[in-house]
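Results of the structural survey
Here is what each chain is made of, one letter per residue.
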Amino acid sequence: MSGTTSGVKSGNVVGFQNLTDGQMTYINMVKANYISQPGDSGAPVYRVIPTTNEYRLVGVHKGTFYSSRWFSPNSGVISDLGVTPLTA
């Protein structure tokens, strides 16, 4: 994750589930163990491919809920918003 407040942080995916935040339910969210801080919401979450050192966008950071970090996977962002991530 590359957040505005935290900078670049690494971690691993530790689970998948629906997330309820007050009145809103987010479907198929990804739980991860990287470090984040307030202000990092909307940050890109990416995977580095070790053999080629390429970066692959995998999602968008949502925030910290229930002591875990959560992000929306690309598939959810694309289907919910009807957008396609730009690549360089």
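Take the pairing of strand E6 (residues 54-65) next. Examined bridge by bridge, strand E5 (residues 44-49) and E6 share six bridges and lie antiparallel to one another. Its bridge partner lying in E6, Arg47 is registered against Arg56. In terms of strand pairing, E6 meets strand E7 (residues 68-73) through six bridges, oriented antiparallel. In the sheet register, Gly63 faces E7, and the bridge partner there is Trp70. In textbook terms, the turn of a hairpin is the stretch between consecutive antiparallel strands, and for E6 and E7 this stretch comprises two residues, one of which, Tyr66, has a positive phi near 55°.

The next point concerns the confidence of the model for the protein chain. The pLDDT averaged across the protein chain works out to 90; a share of 98% of its residues lies at or above 70. At the low end of the mean pLDDT range in the protein chain sits helix H1 (residues 74-81), at 82; at the high end sits strand E2 (residues 7-8), at 96.

A few words on the environment of Arg56. Position of Arg56 relative to the elements: it lies in strand E6. A relative accessible area of 45% places Arg56 in the partly exposed class. Arg56 sits 10 residues away from Tyr46 along the chain, and the two C-alpha atoms are 5.3 Å apart. A distance of 3.2 Å separates polar atoms of two side chains, one belonging to Arg56 and the other to Glu54.

Moving on, we get to the pattern of salt bridges. Once the charged atoms of two side chains with opposite charge are near each other, the side chains can pair. Per the counting criterion, the structure on display carries one salt bridge. Here Glu54 ties to Arg56 by a salt bridge, and the two come within 3.2 Å at their closest N and O atoms. A relative accessible area of 37% means that Glu54 is categorised as partly exposed.

Our next topic: the environment of Val48. Structurally, the position occupied by Val48 is in strand E5. Given the relative accessible area of 33%, Val48 is considered partly exposed. Distance in space between the C-alpha atoms of Val48 and Ser10 is 10.0 Å, their sequence separation being 38 residues. Those residues in contact with Val48 that lie beyond four places of it in its chain are Asn53, Glu54 and Tyr55.

What counts as what
Residues numbered from 1 in each chain as written. Predicted model: local features only at pLDDT ≥ 70, side-chain atom pairs only at ≥ 80, totals over all residues. Heavy atoms only, no water. Pairing = 2+ DSSP bridges. Helix = DSSP H or I, 4+ residues; strand = E, 2+ residues; numbered from the N terminus. pLDDT = per-residue confidence, 0-100. Buried < 20%, exposed > 50% of the residue type's maximum accessible area, 1.4 Å probe, protein only. Polar contact = N/O pair within 3.5 Å; in protein donor to acceptor, adjacent residues only side chain to side chain. Salt bridge = Lys/Arg side-chain N within 4 Å of Asp/Glu carboxyl O. Contact = heavy atoms within 4.5 Å.

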